[in-house]
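Coordinates in review
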Amino acid sequence: MASKYLKNSEGIVRAVTSDNLQLEKPLLNENYDIEVHNRNMDKIDSAIQEVKGKVDGLELTAERVSIADSTNKFEATNVEDALLENKTSILSLQSELGTNKTTLQNNINAIREVL
């Protein structure tokens, strides 16, 4: 929708509307009218509720989002698989660190026994 002019009962332009929600934008020579403000707030509230209704329960997946990997660090070709690939790598590193920590602690204990 395009903006339009709003006229009073005598046919005199009293406001212009916004392009999208058709909010009333009084002219600079108009007095402040709380009813105009309230109508605009109702339109905004209604539009936000409509958007919220479309977004509620929306589930996003990245399986169709491709990735640019010029260094060939991933086997995956999409974001979701790359995240899973990284998760597997991180879990593997975490396990390896746990094993190394145990080995290190055992070595420290052995050194203490010698001293």
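Our subject in this report is the structure included herewith. All values derive from a computational prediction rather than experimental measurement.

**Re the sheet that holds strand S2 (residues 13-17)**
Read from one edge of the open sheet, three strands run S1-S2-S3, paired in antiparallel fashion. Two strands close off the open sheet at either side, each with one partner strand: strand S1 (5-7) and strand S3 (24-26). On average, each strand axis in the sheet is tilted by 40 degrees relative to the strand beside it, whichever way the strands run. One ladder, built from three bridges, connects S1 with S2; its direction is antiparallel. Residue pairing across strands places Lys-7 opposite Val-13, the latter belonging to S2.

**What about unusual backbone geometry?**
For Gln-22, which is not glycine, the phi dihedral falls at a positive 60 degrees. Locating Gln-22 in the fold gives a position in the loop between S2 and S3. Judged by relative accessible area, Gln-22 falls into the buried class, the value being 10%.

**Describing the side chain of Ser-18**
On the secondary structure map, Ser-18 appears in the loop between S2 and S3. Overall, the relative accessible area of 16% leaves Ser-18 in the buried class. When residues no more than four places from it in sequence are discounted, the contact partners of Ser-18 are Ser-3, Leu-23 and Lys-25.

**A closer look at helix H1 (residues 34-55)**
With 22 residues, H1 should cover 32 Å at 1.5 Å per step; its first-to-last C-alpha distance of 31 Å lies within 8% of that length. If you check which residues of H1 are buried, you get Val-36, Asn-40 and Ala-47. Viewed along the axis of H1, the buried residues span an arc of 30 degrees, placing them on a single side of the element. Pointing more than 90 degrees away from the buried face of H1 are the exposed residues Glu-35, Asp-42 and Asp-45. Of the surrounding secondary structure, the elements contacted by the buried residues of H1 are S3. The N-capping residue of H1, defined by a side-chain oxygen 2.9 Å from the backbone nitrogen of Glu-35, is Asp-33. The first or second residue beyond H1 is Gly-57, which carries a positive phi of 80 degrees.

Conventions used here
Residues numbered from 1 in each chain as written. Predicted model: local features only at pLDDT ≥ 70, side-chain atom pairs only at ≥ 80, totals over all residues. Heavy atoms only, no water. Pairing = 2+ DSSP bridges. Helix = DSSP H or I, 4+ residues; strand = E, 2+ residues; numbered from the N terminus. Axes fitted to C-alpha atoms, helices over the stretch in contact; angles between N-to-C directions. Buried < 20%, exposed > 50% of the residue type's maximum accessible area, 1.4 Å probe, protein only. Contact = heavy atoms within 4.5 Å. Expected span 1.5 Å × (residues − 1). Arc of directions from axis to C-beta. Polar contact = N/O pair within 3.5 Å; in protein donor to acceptor, adjacent residues only side chain to side chain.

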